[in-house]
Amino acid sequence: MARSRRSAAPEPTVRGRGRDRHGRGIRSSATGPFLPPLRTRIDLFDITVASTIEYLRGVWPEELGHAVFEVASGPRSVKPGIGVERWMVTPATNRVVFYRLPIQRLSRLHENDEMHQRMMIETCVFRGVAELLGKDPWDLAPDRFRHF
């Protein structure tokens, strides 16, 4: 005996955040309503790079006004004799690319807390911008480190 077939395919069900499973109610966020959203390593990296570049553009507006800064996860290849690059500077196009994974994972920090991670990221941004401008990193913001 032949089975009857439907002429149209059934509509797919929409699954997402707000489904009510087994009558337990709608799912809530992982942090709850009264806690701030979670900060990830990627967010920390992006915020630190952006704030450091904003500071340097304020100090060097003419030199960095048309510079392009990008963040990538990592370089495409390892350079023999150099290793994994932390950043790549292209002076012809006035562009600096910072590689997040090498900066975060290959840096040997004596304290692996948020302050030291930010300092490492800021150091790499200063060194990349200094390489773009052809200056020493300490000359980019001499007043910033006067208290040390």
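Above this note sits the structure.
To start, this report covers the structure provided alongside it. Residue numbers run consecutively from 1 along every chain, following the written order of its sequence. Reporting of local features is limited, given that this is a predicted model, to residues whose pLDDT is at least 70; pairs of side-chain atoms are given and counted only at 80 or more, and all residues count toward the totals for whole chains, interfaces and linings. Side-chain metrics in this entry use all non-hydrogen atoms of the structure; hydrogen atoms and water are not considered.

### Considerations on helix α4 (residues 114-133)
Side chains of residues three or four places apart in an α-helix project in the same direction, reflecting 3.6 residues per turn.
(1) Moving on: The first and last C-alpha atoms of α4 sit 28 Å apart over 20 residues, in line with the 28 Å expected at 1.5 Å per residue.
(2) Moving on: Exposure is judged per residue with a 1.4 Å probe applied to protein chains only, and the accessible area is read against the type maximum: over 50% gives exposed, under 20% gives buried, and values in between give partly exposed. Put simply, DSSP marks the helices as runs of H or I at least four residues long and the strands as runs of E at least two long, and each gets a number from the N terminus on. Among the residues making up α4, those that are buried are His116, Ile121, Glu122, Cys124, Val125, Phe126, Gly128, Val129, Ala130 and Leu132. For a helix, the expected span equals 1.5 Å multiplied by the residue count minus one.

### Regarding the nonpolar core
(1) Moving on: Among the nonpolar cores identified, the biggest contains 22 residues, and Leu64, Phe69 and Phe98 are the most heavily contacted of them.
(2) Moving on: Elements with a minimum of two residues in this core: α1 (41-59), β2 (87-90), β3 (95-99) and α4. We call a set of buried residues a nonpolar core when its members are Ala, Val, Leu, Ile, Met, Phe, Trp, Tyr or Cys and they connect through side-chain atoms within 4.5 Å of each other.

### Looking at the sheet that holds β2
Through backbone hydrogen bonds, the strands of a sheet pair up, either in parallel or in antiparallel fashion.
(1) Moving on: Strand pairing is defined by DSSP finding a minimum of two bridges between the two strands. Taken together, the three strands give an open sheet; going across it, the order is β1-β3-β2, and neighbouring strands pair in mixed fashion. On the outer flanks of this sheet lie β1 (68-72) and β2, each paired with one strand and no other. On average, each strand axis in the sheet is inclined to that of its neighbour by 15 degrees, with strand direction left out of account.
(2) Moving on: α4 rests against β1, β2 and β3 of the sheet, and its axis sits at about 20 degrees to β2. Each axis is a line fitted through C-alpha atoms, and for a helix only the stretch in contact is used; angles between axes span 0 to 180 degrees, taken between their N-to-C directions. Note on definitions: a residue-residue contact is assigned when non-hydrogen atoms from the two residues lie within 4.5 Å.

### Brief notes about the environment of Met119
(1) Moving on: Topologically, Met119 is positioned in helix α4.
(2) Moving on: With a relative accessible area of 45%, Met119 lands in the partly exposed category.

### What about unusual backbone geometry?
(1) Moving on: The phi angle at Asn94 is positive, at roughly 55 degrees, despite the residue not being glycine.
(2) Moving on: Accessibility expressed as a relative area gives 24% for Asn94, which makes it partly exposed.

### A closer look at the pairing of β3
(1) Moving on: The buried fraction of β3 is high, at four of five residues.
(2) Moving on: Bridge count between β1 and β3: five bridges; the pairing is parallel. When the sheet's bridge partners are listed, Glu70 is paired in β3 with Val97.
(3) Moving on: Pairing analysis gives four bridges linking β2 to β3, with the strands arranged antiparallel. Opposite Met88, over in β3, you have Val97 as the bridge partner.

### A word on the pattern of salt bridges
(1) Moving on: Salt bridge, as applied in this entry: a Lys or Arg side-chain nitrogen positioned within 4 Å of an Asp or Glu carboxyl oxygen. Following the criterion strictly, the structure yields two salt bridges and no others.
(2) Moving on: We note a salt bridge from Glu70 to Arg95, for which the minimum N-O separation is 3.0 Å. Remark: Arg95 occurs in strand β3 and Glu70 occurs in strand β1; sequence separation between them is 25 residues.
(3) Moving on: Here Lys79 and Glu85 are joined by a salt bridge, their closest N and O atoms 3.7 Å apart.

### Side note on α1
(1) Moving on: Between its terminal C-alpha atoms α1 stretches 27 Å, which fits the 27 Å expected from 19 residues at 1.5 Å a residue.
(2) Moving on: Residues of α1 that are buried: Leu44, Phe45, Thr48, Val49, Thr52, Ile53 and Leu56. Considered in projection along α1, the buried side chains sweep an arc of 150 degrees and stay on one side of the axis. Facing away from the buried side of α1 by over 90 degrees, the exposed positions are Glu54 and Gly58. By construction, the arc corresponds to the directions joining the helix axis to the C-beta atoms.

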